Amino acid sequence: MATAARTLYLIDGHAQLYRAYHAVPNRMFAADRKTPTNAVFGFAGMLRSLRSRFKPDLLAAVFDPHGPVKREELYEAYAAKLGKAFSGYKSQRDAMPDDLRPQIDLAQELCESYGVPALQMEGYEADDVLGTLAVKAAKEGLRAIIVTGDKDLLQLVCDSIAVYDPMKDITYDAETVLNLKGIKPEQVIDWLGFMGDNADNIPGVAGVGGQTATKLLQEHGSMEQALKAVHDKFKHLDTEILKFVAEHEVDSEKEKEDRIGVKPPKGVKVVEAYLYAQHERARASRDLARLNTELPIELDLEKFRCKPPEADRLAPLLKRLEFQTFLRDLDPASLKNFEVKAAAAEAAAPAAAPPAETHYSIIDDEKKLATFAKEFSKQKRLAISVLASGSHPREAWLLGAAFAWSPHHAAYLPFAGPLNDSRLDLKDALKVLGPVLKDPDVAKIGHNIKLVAHVFENSGAPMHGIAFDTHLGEWLLDPGATRFSLEELAYKYLGVRKTGSDALLGKGKNQLTLDLVPVADAGTFACQNADYIWQISALVLPKLEEAGILPLVREIEMPLIEVLADMESAGIRVDGDLLRKMSKTLEQSLAAQETDIYEIAGERFNISSPSQLGAVLFDKLGLESSTKTATGKNSTSEEVLEELASKHELPRKVLDYRAMFKLKNTYVDKLPEQICKKTGRIHATFVQTGAETGRLASHDPNLQNIPVRSELGRSIRAAFKPGVDGWKILAADYSQIELRILAHYCQDPALLDAFSRGIDIHTAVAAGLFGCAEKDVSRDQRAKAKAVNFGIIYGQTAFGLSGVLHISRREAQDIINAYFQKHSGVRQCIDQIVAQAREQTFVTTIMGRRRYIPQLKASDRGSQALGERLAVNTVFQGSAADLIKKAMIDIHRTLKSDGWKATLLLQIHDELLFECPPSEVKELTVMVKKLMEGALKMNVPLVVDVGAGDDWLSAKD
């Protein structure tokens, strides 16, 4: 392969932009929160990777023109000659998605800003321009590489021209084309002519796909030889073949024989008949697929020379697109120069104030500490940043802390550093810090402030009065986004490049630990953090107020931080010995299940291998799957195995084996390893930003997903016990909370009546669905009603319901239709939620939490349907999340203020778990039930089931 210095890289702009559009979730927006950016973000990543990996000397991108192209004239000429097969060039192609259209100009602007010329040629498609430039480069002695996933460009491959597919990371030279496609590059144009192109509405030969086209070329060498062979062989059957094709033209031999039952003349295969009759159509399709490599366009090597991007041009665009990550690719000196010029321009503007001078101080002796204490003790609002020895809440110890209470001012208190650096004694400093940290009336602001609270707690200084978290606040503005680091927020809101931890600690083998960083450097870093947190919070809060989210912030999310911090500190006792015994029992059960599976299959194989399992199910047993993997193989997913379980016993055995294997490896074996040796408890970390619906997530370990439906999953709960011998575990669980929220929103009379009467909602709905009295509802009817009730919230279709209930799709649709006929208020409510989401691009929960649903603006129906399901589910599930968070805050405050010994330990979706002495069980049950049921005012009564026992399992039974 030629060196990059002698290689011209040509990017197929439209093709790569389309691929990026489908590869990157379409929930990204520019700073204006209106312009979609997912496709251009993916395109920028491709461009960045290409430049970084190959370091091309010559580079250009080519885009399609806005107006008509010359190939349309050729197409129309063939349409006039050959008829309806040529019914409009690209007429079958879907219209460009509305949210992709504005990104084309952005992609071109991005290219130019990166110093990459973005080319267009009126009247000619990008493929023709790419082909012409590649051929001209080859004539100049260069090597050309076209960056695309479009198979049409493979016709250009030769010794000097290759095609690189960045998504597959494959470079197609002549050998690769032959190995992967089975044909030579010079045969590609005939291959395209044979099979046509649905996207461009080039018909090809009826019934000839890619594989058939390949076989024809492997057998005959070229299109002309293949057409000549069939003509010579069957010209004596000319009339019969033409008649057959004229009367029975379809797309495949199977469709011909199955649907029509008429076969071509004896001795003639269907494909041969079409080749014989459609020789002109084949040649016309080939001509339309052939690229024009002789366009009047100049190969300007100086223009194509790849230069470093100019910060003056690129940085403003990246800021506007909110692509902060890509800013780090710019030369630091160049970016700094841009920032200086930008700051100067801003300072020169009439209304702009001059840039403020920073005042950062290091408090490293007793005299400075005394002066600091006088000012510190007066503050009612503080921004805090800490330097700690670790990131795990139980293992993070205080090395230094910075505080800010006005813009551009901050002070750093060091408690660690190199031997020769001055630092404070932690105990002396905490005498100053402790009272203020503990005071709930002093508002504390941070970035990931829960960890800050843990660090102070671990050092003997509990912190109260958490008021705002910039990370959490930014997430609430757009929970679908992923960029919330302090560095990114500093650039977004303040336009400054904040020093990152890499710059502070270094990288690789010379990387320092925080305790060895010079105090002066650590102080500047921490003060900068605190200062920026203070400034950013002042800018984020008005945005939250403008979005109507401030009540959610102040009443739910910020108070919850302290609740979660206490839960993480408390942890929960887990009986490791019990789990280890369970592991041995499960190991024996798995071995027995393996034996059963091998006997049924008639052979030993790797049950965990999808390919080996697929070979047994589909090749050996002859079962059929309706679902394929991305590589075209039969899927062995859980959904497929559930579908096959009614046809053969092996899939059910495999499902049972998988469930047991997963439980053993995920929980039974892993939980004992996560028990803290010091406390004998597991201390999970709870995450408020883990789900766009607002539901909490947890990790190390993930306790949200312990199965509750299987007996084995429930048995794991027996290992969760009170931390004090003789105490009890108390479990409180909302009953059918999302259905009650559905009734609250839709005001459906039948649902409201059922909940107000306190009867089983599934029985009540079943009675309405099947036209019988509630007392006469059968178990099967109740099960169907239950599936529909919960399926409605998750946007379940007839297809999904049929799979759950193992009934026909028609019967499932009949049940859904009957439900909506009986509960018209639900239908109206769902339609209203979706309509509002389409109009405003987001939905809100009962407490005003927002979730943006960009899928509703997508062009394809699949994405729109997903958006509809997300919109509906978010309203009900997100409102349930709001409700239990409010209950947690109310209960936590009561436990703290009234001197309870009981402790809130866990939240698992709609359930809360406590430990308490036996003497508190009765009163705790009453208090928890009252506060959970009264957390929010609803139009239906809320019901909480409470139980107590020696462990989590017995508390639930």
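Before reading on, note that the structure itself is shown above.
A.B. asks: Please clarify how the packing of helix α31 (residues 737-746) against helix α37 (residues 824-840) should be interpreted in this entry.
C.D. replies: Two quantities define a packed helix pair, namely the angle between the helix axes and the distance between the axes. Relative to each other, α31 and α37 sit at 85°, their axes nearing to 9 Å. With respect to α37, the axis of α31 lies roughly perpendicular. Of α37, the residues touching α31 (which contributes L742, Y745 and C746) are G825, V826 and C829.

A.B. asks: Got a minute to help me understand the sheet that holds strand β7 (residues 359-362) in this structure?
C.D. replies: Consider a sheet: its strands pair through backbone hydrogen bonds, and that pairing is either parallel or antiparallel. With mixed pairing, the 6 strands of this open sheet are ordered in space as β7-β10-β9-β8-β11-β12. The open sheet has two edge strands with one neighbour each: β7 and β12 (466-469). When strand polarity is set aside, the average angle formed by the axes of neighbouring strands in this sheet is 25°. Sheet topology places β7 next to strand β10 (residues 409-414); 4 bridges connect them, and they run parallel. Bridge assignment links Y360 to a residue of β10, and that residue is A410.

A.B. asks: Explanation requested: the pattern of salt bridges in the structure shown.
C.D. replies: Once the charged atoms of two side chains with opposite charge are near each other, the side chains can pair. The final tally for this structure, using the stated rule, is 44 salt bridges. A salt bridge links D428 to K431; its shortest N-O distance comes to 4.0 Å. Here D428 and its partner K431 are both found in helix α19 (residues 426-438), 3 residues apart, which amounts to about one turn of the helix. Exposure remark for D428: the relative accessible area of 34% places this residue in the partly exposed category. Of the residues examined, K431 reaches a relative accessible area of 62% and is grouped as exposed. Residues D890 and K886 are paired through a salt bridge, measuring 2.9 Å at the closest nitrogen-oxygen approach. Residue D890 and its partner K886 are both found in helix α38 (residues 861-897); the two are separated by 4 residues, about one turn of the helix. Classification of D890 as buried rests on a relative accessible area of 16%. It is possible to trace a salt-bridge network through shared partners that takes in D190, E224, R283 and R286.

A.B. asks: What is the right way to look at the side chain of H14 in this model?
C.D. replies: Inspection of the secondary structure puts H14 in helix α1 (residues 13-23). Judged by its relative accessible area of 11%, H14 falls in the buried class. Ignoring anything within four residues of it in the chain, the contact list for H14 reads V62, F63, D64 and I104.

A.B. asks: When you look at empty space enclosed by the protein in this model, what are you seeing that I'm missing?
C.D. replies: Over the atoms a probe the size of a water molecule is rolled, and this reveals where empty space is left. Overall, the coordinates contain 5 cavities of 30 Å³ or more when judged by the stated rule. Within this model, the second largest cavity holds a volume of roughly 50 Å³. In terms of lining, the second largest cavity is formed by G694, R695, L696, Q877, A880, A881, I884, K885, Q907, H909 and D910. In terms of residue count, the dominant contributor to the lining of the second largest cavity is α38 (5 residues). In the lining of the second largest cavity, the residues fall into 4 nonpolar, 4 polar and 3 charged.

How each quantity is defined
- Counting restarts for each chain, with residues numbered from 1 along the sequence as it is written.
- The predicted origin of the model limits local features to residues at a pLDDT of at least 70 and limits the giving and counting of side-chain atom pairs to 80 or more, whereas totals for whole chains, interfaces and linings rest on all residues.
- Values shown for side chains rest on all heavy atoms present in the structure; no hydrogens or waters enter the calculation.
- Between the N-to-C directions of two axes lies an angle of 0 to 180 degrees, each axis being a line fitted to C-alpha atoms and, for a helix, fitted only over the stretch in contact.
- Under the scheme used here, helices are H or I runs from DSSP no shorter than 4 residues and strands are E runs no shorter than 2 residues, and both carry numbers assigned from the N terminus.
- Note on terminology: angles under 35 degrees are roughly parallel, angles over 145 are roughly antiparallel, angles of 65 to 115 are roughly perpendicular, and the others are oblique.
- Residue contacts are counted whenever heavy atoms from the two residues lie within 4.5 Å of one another.
- Strand pairing is assigned whenever DSSP detects at least two bridges linking the two strands.
- Criterion for a salt bridge: a side-chain nitrogen of Lys or Arg within 4 Å of a carboxyl oxygen of Asp or Glu.
- Only protein chains enter the accessibility calculation, which uses a 1.4 Å probe; a residue whose area is less than 20% of its type maximum is buried, one above 50% is exposed, and one in between is partly exposed.
- A 1.4 Å probe that fits into a set of points on a 1 Å grid over the protein atoms alone but cannot get out defines a cavity; an open set with protein on both sides within 12 Å along at least five of seven lines defines a pocket, and lining residues are those with an atom within 4 Å of a point.
- Grid points are joined across faces, edges and corners, and a volume is the space filled by probe spheres set on the points.
- Each residue is assigned to one of three groups, with Ala, Val, Leu, Ile, Met, Phe, Trp, Tyr, Cys and Pro labelled nonpolar, Asp, Glu, Lys and Arg labelled charged, and all others, Gly among them, labelled polar.

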